Structures are given as C-alpha cells and as structure tokens.
Amino acid sequence: MIYQEKSKKGVDITWRDVKYTAHTKKYHREILKGLSGICKAGEMTSIMGSSGAGKTTLLNILCCRAENTGEVKLLGDITANGKSYDARSFSNFAAYVMQEDLILETMTVLEVLQFAASLKMTGTEEQKQAKVEEVLKIMLLEKCQNSIIGGYAIKGITKGEKKRTSIACELVSDPDVIFLDEPTSGLDSFTAYNVVDVLQQYATEQNKTIICTIHQPSSDIFMKFDRLILLVDGKFIYQGPRDKTKNKFGCFDFQCPYLSNPADYFMSIMYAESEKNRNNYKVYFENFEKKLSEEISKEIDQHRTELILHKSAQASCLTQKSNRAQIIQAIILSLFTGLIYLNLPDPESHRDDQCVVNDYNGAIFFLIQNTHMNTLFPIVLSLPLEKRVYLKEENAKLYSATGYFIGKMVIESMVAFICPIAYVAISYYMIGFNQNFVCFCFFILVCIINSFIGLSQALFCGSLFKDPQTAINITPLMTLPFFLFSGFYKNVTDMPDWNAWIQQISNYRYVFEALVRNDYADNAFTIYVIGQSNLDQGKWMSVLMLVVLFLAFSTFTLILLNTKKQRLQ
Ligand SMILES: Nc1ncnc2c1ncn2[C@@H]1O[C@H](COP(=O)(O)OP(=O)(O)OP(=O)(O)O)[C@@H](O)[C@H]1O
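The rules behind each value
Residues numbered from 1 in each chain as written. Predicted model: local features only at pLDDT ≥ 70, side-chain atom pairs only at ≥ 80, totals over all residues. Helix = DSSP H or I, 4+ residues; strand = E, 2+ residues; numbered from the N terminus. Buried ≥ 20, exposed ≤ 12 C-beta atoms within 10 Å, placed from the backbone. Near = placed C-beta within 6 Å. Nonpolar A, V, L, I, M, F, W, Y, C, P; charged D, E, K, R; others polar. Axes fitted to C-alpha atoms, helices over the stretch in contact; angles between N-to-C directions. Parallel < 35°, antiparallel > 145°, perpendicular 65-115°, else oblique. Left-handed = near helix turned anticlockwise from the far one by under 90°. Contact = placed C-beta atoms within 7 Å. Pairing = 2+ DSSP bridges.

What follows is about unusual backbone geometry. Look at Asp 17: it is not a glycine, yet its phi comes out positive at around 50°. Among the secondary structure elements, Asp 17 is positioned in strand S1 (residues 13-23). Located in the positive-phi region is Asn 81, a residue other than glycine, with phi close to 50°. Tracing the sequence through the fold places Asn 81 in the loop between strand S4 (72-80) and strand S5 (83-84). Accessibility expressed as a C-beta count within 10 Å gives 21 for Asn 81, which makes it buried.

Shown next as structure tokens:
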C-alpha cells in the first residue's frame with residue numbers, strides 16, 4: 001500500500017444536473033430529476049426526505065455505488081474539489097459506512113481496528129498503533145476496546161459502540177469525506193445523539209466532509225447538522241445551512257410551530273402519502289428554483305480546487321486471521337475415533353473375516369469424512385458474514401477478488417494442513433492400520449489433499465450463491481452425494497449409467513480407493529477387498545485425480561469471485 005502526502009485542506013463534493021432514471025418496458029420513472037448541490041469540508045450534511053424521495057439513491061450516486069446499466073441510467077457530473085471520480089478513485093479520499101455493521105463478531109474492538117489499520121495503512125507498527133489509539137479516543141471506544149463485538153450467539157458490545165466501531169474502521173485511513181447511510185438507524189435516541197455528536201465534532205475539528213442520510217432525527221440531533229438537504233419526489237425543496245432553515249423556510253409560507261422539533265415538522269410537510277402535501281410540492285419546487293437555486297449554483301462555482309493526493313493501493317492478501325478451534329476439534333475427534341476402533345484384529349489372522357474388513361473400511365471412511373468436513377463446514381458457516389465483510393472491503397478497494405482468494409487460501413491452508421496431520425497421527429496407530437511408515441505418510445498426504453478439496457469446495461459454494469443462506473443450505477446437498485459414489489456404500493460398478501459421471505468428480509471415491517489400496521497393500525485383504533469394491537483407478541492415479549479436483553474447484557472459485565462482485569449499499 002502506498003500512501004502519499006494527504007491534503008489537509010478539505011474536500012468539497014459537488015454535483016450538477018444529476019438525473020437518475022429507471023426505464024423498463026412497463027415502467028418509466030425519473031428517480032432524481034436534475035439535482036445540483038454541494039457538501040462542504042468541515043461540515044456535516046444531512047439528507048432528509050420522505051420515504052422513496054431518493055435519499056439513498058443520491059447518497060449511492062455520490063459514493064459511486066448506484067447501478068448505471070441497462071434499465072437504470074445516470075446522467076450528470078459529480079466531482080471532488082472539481083475533479084470527477086469513479087468507484088476506484090473514490091476510496092482514495094472517501095469512505096462509506098453502510099447502514100448494517102459488518103464486523104467479525106469474534107474479534108474485540110481493538111483487534112478490529114488493528115486489523116483495519118493493517119489493511120488500510122502503511123508505516124511502522126508503532127504508527128499504526130498510534131492511529132488506532134487516536135481513533136479509539138475520537139470515537140469514545142477506549143473503555144470497550146477489549147470487549148468482543150458479539151452477535152446473535154455471543155453477547156458483545158452495545159449497538160452504539162458497534163456503530164462507532166464501524167465508523168472507526170473507516171477513520172483509520174483518515175478519509176477526507178465520509179458517507180454514512182442512516183448512521184442512527186436501530187439506535188436509541190441517546191446513543192444516536194452520541195454518534196452524531198462525535199461525527200459533527202470530527203467534521204469541524206478535522207475539516208472533514210460528512211454526508212449522511214437520516215430518517216427521523218430528534219431535535220438535539222437535528223441541531224448538530226451544519227447543512228441540510230430536503231428531498232421530495234426526486235427534487236430539492238431546501239438545501240443550505242441548517243440554521244437558516246427558519247428564515248429561508250419561512251419564505252415558503254410554512255413556519256415550524258413553536259416548541260416543535262423542526263425535523264418532525266419538515267418530515268410532516270414532506271410526507272408523500274398525504275394528498276395535501278403532494279399538492280403543495282409544486283409550490284415548494286417553484287420557491288426553491290426562485291429563491292435558492294441561484295445561491296446554490298454560486299456555492300458550487302466557489303468549490304475548493306485543491307489537489308487530492310491519497311493512498312493508491314490494496315493491502316497484502318496475507319493479512320488475515322486463523323482458527324484454533326478446528327485444530328482442537330480434530331484432536332478430540334481423532335482420539336474418539338481411535339478409541340472406537342482401538343486395536344482392530346490383525347488382518348493376517350482374520351483372512352476370511354468380513355467383519356474385520358468392514359471395521360477397517362469403516363475406520364478409513366470415517367477418517368476421510370472427518371478430514372473433509374472439518375475444513376468444509378466451518379468455512380461454509382463462517383462465509384455468510386465474512387463474504388459481506390469481504391465485499392465491503394472489495395467495494396472500498398482494500399483488496400481485489402484475487403487477493404481475497406489467495407489470502408483466504410493461505411490462511412485457511414494452515415488449518416487444512418495441520419488438522420489432517422493431527423487427526424491421522426493420533427488415530428492411525430491406535431486403530432492398527434498398516435504399520436509401514438511409508439504407508440502412514442501416504443495416508444496423511446491423501447488426507448491433507450482431501451482437506452484442501454474441502455477448502456476449495458467451501459469457497460466455491462460460498463462464491464456461487466449470492467445469498468449466504470443458500471450457500472449454507474446447498475453445500476451439503478452438493479457434497480453429500482459424493483459419499484454414495486465413494487465405493488464404500490455401494491459397489492462403484494453397480495451404479496446406473498446415467499449418474500456414472502458423478503463418480504468422476506467425487507473426491508470420496510478417489511480418497512477411499514487410494515487409502516484402501518495403501519492400507520491393504522501388502523496384507524491378506526488386498527485382493528479380496530479391492531476386488532470386492534471394484535476400485536479400479538490405481539493408487540497414484542487416484543491421487544492425481546484428487547489434485548485435479550482441487551485445482552478445478554479453486555479455478556472455478558476464482559472465476560466466480562471475479563465475475564460475481566456486488567456493490568453493497
Ligand atoms: N434501480 C432502481 N430501479 C427502479 N427503481 C428504483 C431503483 N432504485 C431506486 N428506485 C426507486 O426510487 C425511489 C427512491 O428510492 P430510494 O431508496 O432512494 O428512496 P429513499 O428516499 O432512500 O427511501 P427510504 O427512506 O424509504 O429508504 C424508490 O421508489 C425506489 O423504489
């Protein structure tokens with residue numbers, strides 16, 4: 001990541017004649033109708049309006065997150081200090097805080113910020129730590145810095161602290177402009193006030209441009225805004241300093257009743273479901289055109305023009321976290337397996353004993369299943385949140401899809417590598433598999449490859465489905481049929497022709513054959529068991545097929561990640 005000298009002089013966001021139109025065969029709608037405006041450095045601007053007025057659309061357009069293809073069309077100029085920007089250059093000077101707080105639940109506040117700093121900052125560890133401490137202080141998070149974020153299952157920090165942590169994650173990169181979609185949504189009035197108060201002070205003290213949408217602010221929160229934009233049916237009825245709304249709005253022949261919350265009053269006159277209000281819209285628009293639009297145009301013309309110089313790179317793909325729980329789980333399960341199959345009878349003295357064959361095959365299959373599932377399911381279960389966090393970071397151009405894939409592979413590969421070793425090393429000799437050391441090493445090697453296939457399948461399923469819940473539901477459906485084609489449950493040559501192809505992509509089939517051939521290599525069962533199951537690929541051919549499967553799932557995942565990126569809003 002390369003940081004250049006930052007402009008401390010502030011950034012003005014301006015837009016001229018922005019039109020956003022949705023057009024299909026059955027439907028034509030002008031969502032934003034030629035809007036022009038400015039949000040200035042050192043000020044907190046709030047965009048307010050009735051439901052469906054176009055607030056989120058305007059915010060998304062300013063953040064380069066609005067669709068602009070096919071059925072929706074965006075026209076107009078959007079600039080930062082007079083220079084046009086796009087989604088890539090946006091992240092060089094600005095940050096976007098989503099309404100939803102997407103933070104990994106098992107980390108502490110401090111860890112989350114340290115992680116964000118490692119992704120978004122260059123410099124020494126001391127500089128990063130200093131920035132994290134500064135941001136903790138600004139966002140009033142010092143007291144809860146060692147508390148877990150938490151979520152549905154784990155009790156963690158409060159909603160207000162979570163929102164401030166989300167904002168703090170963006171502040172570590174010191175953006176000049178911060179966009180926030182409904183930063184107070186879901187918070188009680190006092191917590192909401194705290195969040196807005198902190199943001200407003202930050203804008204003033206650090207000369208930052210803060211732009212947010214907001215629904216129904218309390219009067220205390222309303223008084224914190226420096227600038228206000230009131231939007232009705234895709235057009236402005238007011239834009240300017242918040243403290244001038246009284247006078248300027250007075251010229252519209254509407255006066256906020258004495259002792260009323262002005263925000264409530266504005267919302268009441270913009271409420272689109274009221275026919276009386278809708279009739280008045282025409283008057284508001286005319287008044288805005290006559291009395292305010294010229295002033296806004298002048299302000300836009302006087303925008304700042306300083307050059308914005310900023311960071312221009314993505315973080316290393318290795319900066320992520322590992323998981324100890326899976327390794328502990330593997331150790332416990334291997335002890336359990338070893339105890340269940342402890343000291344199986346010597347094959348030499350049980351040549352014709354079908355029960356002993358079944359026990360050996362069962363032990364092999366159980367180990368195969370566990371080394372595969374131990375990697376597959378934790379990743380599929382953790383992907384829902386992580387995928388959205390990844391998309392958030394990808395949207396902010398912190399890393400690319402390929403960077404994420406490589407990083408994820410490298411980090412998860414530690415677990416995918418260690419777990420099968422722990423699993424086999426503990427249970428192999430307890431069960432009494434082939435005592436030859438080379439066979440023991442081969443057993444471990446095949447289980448490691450199988451574990452990596454689980455990793456690539458989990459990432460493939462997670463990337464294939466847009467909805468994380470679908471990924472969780474469909475993954476077992478996609479992988480469990482592979483069990484049936486392993487040769488363990490049913491002889492592979494007895495399968496109907498129409499589904500024979502599933503055998504070719506079943507990792508269980510190849511792992512089972514490789515391990516059965518390995519274990520029975522030079523003992524009495526060899527001919528009997530292998531002949532019985534009709535396993536005909538050969539030991540090393542099976543290994544080769546496993547490597548091909550791993551590479552195939554990984555390649556498909558990479559293609560999917562690069563082609564199915566979404567803009568989070
Ligand atoms: N891509 C799109 N295609 C069609 N219609 C759209 C599209 N995006 C937004 N709209 C419509 O434009 C209108 C404004 O949407 P927007 O989300 O900006 O409203 P809003 O003011 O943020 O409302 P709310 O406060 O309820 O979220 C809505 O009626 C919405 O259905």
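Further remarks concern the site of the ligand. In the vicinity of the ligand, the residues found are Ala 22, Ile 31, Gly 49, Ser 51, Gly 52, Ala 53, Gly 54, Lys 55, Thr 56, Thr 57, Glu 67 and Val 72. Among the elements that take part in the shell around the ligand, helix H1 (residues 55-62) stands out by supplying three residues, more than any other. Class assignment for the residues of the shell around the ligand results in four nonpolar, six polar and two charged.

Once that is clear, we can look at the packing of helix H3 (residues 109-120) against helix H5 (residues 159-171). Closest axis-to-axis distance for the H3/H5 pair is 9 Å, and the angle between their directions is 25°. The pairing of H3 with H5 is recorded here as roughly parallel in orientation. Pair H3 / H5 crosses with right-handed handedness. Between H3 and H5, the residues in contact are Val 109, Val 112, Leu 113 and Ala 116 and Thr 165, Ala 168 and Cys 169, respectively.

Attention now goes to the sheet that holds S1. Taking strand neighbours across the sheet as the criterion, the four strands line up as S2-S1-S4-S5 in an open arrangement whose pairing is antiparallel. The two strands at the open ends of the sheet, each matched to only one other strand, are strand S2 (28-39) and S5. Of the pairings in the sheet, the one linking S1 to S2 comprises nine bridges and is antiparallel in character. Bridged to Ala 22 within S2 is Arg 29.

Mapped onto the elements of the fold, Thr 337 is located in helix H12 (residues 325-340). Overall, the presence of 21 C-beta atoms within 10 Å leaves Thr 337 in the buried class. Remark: the alpha-carbon pair of Thr 337 and Ala 363, spanning 26 residues in sequence, is separated by 7.7 Å.

What follows concerns the environment of Thr 475. Along the polypeptide, Thr 475 turns up in helix H16 (residues 468-479). Along the sequence, Thr 475 and Phe 460 sit 15 residues apart, while their C-alpha atoms lie 9.3 Å from each other. Residues contacting Thr 475, with those up to four places away along its chain left out, are Val 380, Ala 458 and Cys 461.

Here the focus is the sheet that holds strand S7 (residues 177-181). Spatially, S6-S7-S8-S3-S9-S10 is the arrangement adopted by the six strands of the open sheet, whose pairing is mixed. What marks the edges here is a single partner per strand, and that holds for strand S6 (94-97) and strand S10 (235-241). Strand-to-strand twist in this sheet, taken as the mean axis angle between neighbours without regard to direction, amounts to 15°. Pairing of strand S9 (residues 227-232) with S10, which is carried by six bridges, proceeds in the antiparallel orientation. If you follow Leu 231 over to S10, its bridge partner there is Phe 236.

To describe two helices that pack against each other, one gives the angle between their axes and the distance between the axes. At a minimum axis distance of 10 Å, the contact between helix H15 (residues 437-464) and helix H19 (residues 507-519) shows a crossing angle of 175°. Here H15 is positioned roughly antiparallel relative to H19, judged by the angle of their axes. From H15, Cys 439, Phe 442, Phe 443, Val 446, Asn 450 and Ile 453 reach across to H19, where they touch Asn 507, Val 511, Ala 514, Leu 515, Asn 518 and Asp 519. Looking at the contact of H15 with H19 residue by residue, the class counts come to eight nonpolar, three polar and one charged.

Remember that the coordinates give geometry; whether it matters functionally is a separate question.
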